[in-house]
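If you want the building blocks of each chain, they are given just below.
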Amino acid sequence: EALLGQFKRYSSLEKAGKYVEALPFAQKALALSEQELGEGHKTTSILLYNVADLYRRLGKYRAAKPLFERSLANWERLHGKNDPSLERYLVRLGYVSRFAADYQSAEHYYKRFQKLVESYDPPKPEKISTALNNLAGLYRELGRYHDAEPLYLKAIELTKSNLPKQRKSLAI
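Residues numbered from 1 in each chain as written. Predicted model: local features only at pLDDT ≥ 70, side-chain atom pairs only at ≥ 80, totals over all residues. Heavy atoms only, no water.

Draft legend 1. Seen up close, the environment of G137. Tracing the chain through its elements places G137 in helix α7 (residues 125-141). In the structure, G137 is positioned 14 residues away from L151 in sequence and 9.2 Å away in space, judged by C-alpha atoms. What G137 contacts, discounting residues up to four positions off in sequence, is R98 and Y152. (Helix = DSSP H or I, 4+ residues; strand = E, 2+ residues; numbered from the N terminus. Contact = heavy atoms within 4.5 Å.)

Draft legend 2. Summary view of α7. Between its terminal C-alpha atoms α7 stretches 24 Å, which fits the 24 Å expected from 17 residues at 1.5 Å a residue. Taken residue by residue, α7 has P125, I128, S129, A131, L132, N134, L135, A136, G137, L138 and Y139 as its buried positions. Its buried side turned inward, α7 meets α5 (87-99), α6 (103-118) and α8 (145-161). Taken from the residues just after α7, G143 is the one with a positive phi, measuring 80°. (Expected span 1.5 Å × (residues − 1). Buried < 20%, exposed > 50% of the residue type's maximum accessible area, 1.4 Å probe, protein only.)

Draft legend 3. Representation of the packing of α7 against α8 within the structure. One can describe the packing of α7 onto α8 by two numbers: an axis separation of 8 Å at closest approach and a directional angle of 160°. Here α8 runs roughly antiparallel to α7, going by the angle between their axes. Where α7 crosses over α8, the handedness of that crossing is left-handed. Contacts between α7 and α8 involve P125, I128, S129, L132, N133, L135, A136, G137, Y139 and R140 from the former and Y145, D147, A148, L151, Y152, K154, A155, L158 and T159 from the latter. In terms of residue class, the contact of α7 with α8 is built from 12 nonpolar, 4 polar and 3 charged. (Axes fitted to C-alpha atoms, helices over the stretch in contact; angles between N-to-C directions. Parallel < 35°, antiparallel > 145°, perpendicular 65-115°, else oblique. Left-handed = near helix turned anticlockwise from the far one by under 90°. Nonpolar A, V, L, I, M, F, W, Y, C, P; charged D, E, K, R; others polar.)

Draft legend 4. Region of the structure containing the pattern of salt bridges. With the rule as written, the count across this model stands at 15 salt bridges. With its nearest N and O atoms 2.8 Å apart, the salt bridge here joins R98 to E141. Residue R98 is found in helix α5, and its partner E141 is found in helix α7; the two are separated by 43 residues along the sequence. Across the pair K111 and E107 runs a salt bridge, and its minimum N-O distance is 3.4 Å. Here K111 pairs with E107, and both are found in helix α6, just 4 residues apart, close to one helical turn. Judged by relative accessible area, which is 41%, K111 ranks as partly exposed. Overlapping salt bridges bring together E14, D53, R56, R57 and R92 as one network. (Salt bridge = Lys/Arg side-chain N within 4 Å of Asp/Glu carboxyl O.)

Draft legend 5. Representation of the environment of S129 within the structure. Mapped onto the fold, S129 is located in helix α7. It is 6.8 Å that separates the C-alpha atoms of S129 and T159, two residues lying 30 residues apart in sequence. In contact with S129, other than residues within four places in its own chain, are A155, L158 and T159.

Draft legend 6. Fine view of α5. Over its 13 residues, α5 runs 18 Å from end to end, which matches the ideal 18 Å to within 8%, given 1.5 Å per residue. Three or more residues of α5 are buried, namely E87, Y89, L90, L93, G94, V96, S97 and R98. Against the buried residues of α5 lie α3 (42-57), α4 (61-79), α6 and α7. A positive backbone phi angle near 65° is found at A101, which sits one or two residues after α5.

Draft legend 7. Expanded view of the side chain of Q114. Relative to the helices and strands, Q114 resides in helix α6. Of the residues examined, Q114 reaches a relative accessible area of 14% and is grouped as buried. Apart from the residues lying within four places of it in its own chain, the contact partners of Q114 are A131, L132 and L135.

Structure, rendered in structure tokens:
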């Protein structure tokens, strides 16, 4: 019951955009979940993600990253390494790694996201395009223009080729 109470307080504040005020309640809910349910429980994984995401929203990328990583590891144990729900973990980890200036990790997570979405059957071009744009943006930021350009071009081509017929004029 204490866990649920802490979660409700966190959730209410988070929805109101009061991230600083929400953080202690999310942290307490996480601690209670770890104590009552264990590190590998689905609820604990979700709370790890929630606390990490609060840190991300507050611009505390170095604090967010290890929590996202723990959450990802738990989620992979629960759902496997190819589960589509891993998308959000990989994208967030790429993002926080990038903004924490851990470019090697950012590239790793963006490439994992790309590999995951490219494995979907049937293909989801909009997700592949997002993955390509994420990686290209990182390369552009690092001055690796020769690596970024083909990714951007492929993303553009995917987007153009998957526009509805009535929207093809947008691709010009």
